[in-house]
Amino acid sequence: AQSPKFDGALVDRIFWPRIFADNNTTVVMLDSVLAAIEVKSSLNKSEMNDIFSKCAALRRMLALDKRPLVTGFAYECANSNLSFFDFATSFSYSPDHSPSLVCILNQSIFGLARVDNGALLPVDEPHPDAIPVLFTTNEDTLLMYLYFLSRWATSGTGIADLFMRYSADLFSHMRSFHFDADFLDAVATDKSALAAARKCFERKRKVDIDHPYGEARKSIGLL
């Protein structure tokens, strides 16, 4: 089987050979791919759907060890609040087919996390118990994105433990946001609730995400 074409990838060339390269296209074995990278000029609903679609196709493929992670990188986004809503609700529908990370340059990072003693700790592998999280990173976004890629590239090594210890402190001081479980459950099971909630985020582009979230909860009957 062959996956959809991605714009880039983190590839292990130590143990796995490259199959062939033709101009700007490189073909490698699935088991050598640590992460596939999809790049977007501007992030919107259709581009988010494209990232999820390619991710689902890749993660349905069988690997000997573990399946590759997927990440999206966007140069801009007109409404990051709305895009995070789309990311979080799409994750709720298909956690296993979700990208692990979506980065918007100089704005924010959409990632996955788990709650540990009240603190949010990032997780790499998408699974149903993970929580979609919006990290507000602003001018440090590219640095944080490279941090994630470096952590993935060192997975399985002694350096990975160092990254994990560093990340626990790093993310405990970073501004983050996530939707409550009752909200995600409501919009995931009712299309009319999904549409009503989404309209609240469409109208609020340049405000703190707490404001449209409060309106969205009221619009679907949640206090």
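In what follows, the structure referred to is the one given above.
1. Some thoughts on the overall build of the protein chain
Here is step 1: Scanning the protein chain from N- to C-terminus turns up seven helices and ten strands.
Here is step 2: The 223 residues of the protein chain split such that 43% are buried.
Here is step 3: Put simply, of all contacts in the protein chain between residues at least 6 apart along the chain, 71% involve residues at least 24 apart.
Here is step 4: Summed over its atoms, the accessible surface of the protein chain is roughly 11700 Å², and 53% of this surface lies on carbon and sulfur atoms.
Here is step 5: Put simply, the protein chain has 23 plus and 27 minus side-chain charges, and the middle of one group is 4 Å from the middle of the other.

2. Here we look at the packing of helix α6 (residues 191-202) against helix α7 (residues 210-219)
Here is step 1: α7 packs onto α6 with a crossing angle of 155° between their chain directions and a minimal axis gap of 8 Å. Between α6 and α7, the interaxial angle falls into the category roughly antiparallel. Crossing hand, α6 versus α7: right-handed. Where α6 abuts α7, its residues A196, A197, C200 and F201 lie against P212, Y213, E215, A216 and S219.
Here is step 2: Here the contact of α6 with α7 is built from residues that sort into seven nonpolar, one polar and one charged.

3. Overview of the nonpolar core
Here is step 1: Of all hydrophobic cores here, the largest spans 31 residues; its most connected members are L43, F84, F87, F110, F179, F183 and F201.
Here is step 2: The set of elements that each furnish at least two residues to this core consists of α1 (45-59), α2 (80-93), β6 (101-104), β7 (108-116), α5 (181-189), α6 and α7.
Here is step 3: Top contributing element to this core by residue count: α2, with six residues.
Here is step 4: Each residue touching F183, except ones within four places of it in the same chain, is listed here: F85, A197, F201, Y213, A216, R217, I220 and L222.
Here is step 5: I37, I131, V133 and Y145 belong to the second-largest nonpolar core, a separate cluster that totals 20 residues.

4. Quick word on the packing of α2 against α5
Here is step 1: Two numbers describe how α2 lies on α5: the axes approach to 10 Å, and their chain directions differ by 75°. On the basis of their axis angle, the class for α2 and α5 is roughly perpendicular. Listed contacts from α5 to F85, A88, T89, S92 and Y93 of α2 are F183, L184, V187 and A188.
Here is step 2: Broken down by class, the residue content of the contact of α2 with α5 amounts to seven nonpolar, two polar and no charged.

5. Details of the packing of aromatic side chains
Here is step 1: Evaluated as defined, the whole model comprises 18 aromatic pairs.
Here is step 2: Summarising the aromatic geometry, the rings of F84 and F177 are spaced 6.2 Å apart at their centres and angled 70° between planes, so their arrangement reads as edge-to-face. Taken together, the residues F84 in helix α2 and F177 in strand β10 (residues 176-177) connect sequence positions 93 residues apart. Accessibility assignment for this pair places F84 and F177 in one class, buried.
Here is step 3: Ring geometry for F87 against F110: centres 5.7 Å apart, planes inclined by 40°, an arrangement best described as tilted. Of the two residues, F87 is situated in helix α2 and F110 in strand β7; the sequence distance between them amounts to 23 residues.

6. Quick look at the environment of S219
Here is step 1: By secondary structure assignment, the location of S219 is in helix α7.
Here is step 2: On the basis of relative accessible area, S219 is assigned to the partly exposed category, the value being 36%.
Here is step 3: The spatial distance from the C-alpha of S219 to the C-alpha of A193 is 7.9 Å, given a sequence separation of 26 residues.
Here is step 4: With sequence-adjacent residues up to four places away left out, S219 is seen in contact with A196, A197 and C200.
Here is step 5: Within the structure, S219 has its side chain in polar contact with the backbone oxygen of A216 (distance 2.7 Å).

Conventions used here
Residues numbered from 1 in each chain as written. Predicted model: local features only at pLDDT ≥ 70, side-chain atom pairs only at ≥ 80, totals over all residues. Heavy atoms only, no water. Helix = DSSP H or I, 4+ residues; strand = E, 2+ residues; numbered from the N terminus. Buried < 20%, exposed > 50% of the residue type's maximum accessible area, 1.4 Å probe, protein only. Contact = heavy atoms within 4.5 Å. Areas by Shrake-Rupley, 256 points an atom, 1.4 Å probe, with all protein chains shown as cover. Lys, Arg positive; Asp, Glu negative; His and termini not counted. Charge placed at Lys NZ, Arg CZ, Asp CG, Glu CD. Axes fitted to C-alpha atoms, helices over the stretch in contact; angles between N-to-C directions. Parallel < 35°, antiparallel > 145°, perpendicular 65-115°, else oblique. Left-handed = near helix turned anticlockwise from the far one by under 90°. Nonpolar A, V, L, I, M, F, W, Y, C, P; charged D, E, K, R; others polar. Core = buried A, V, L, I, M, F, W, Y, C linked by side-chain atoms within 4.5 Å. Phe/Tyr/Trp six-rings, centres within 6.5 Å; stacked < 30°, edge-to-face > 60°. Polar contact = N/O pair within 3.5 Å; in protein donor to acceptor, adjacent residues only side chain to side chain.

What is shown is where atoms sit, not what they do.
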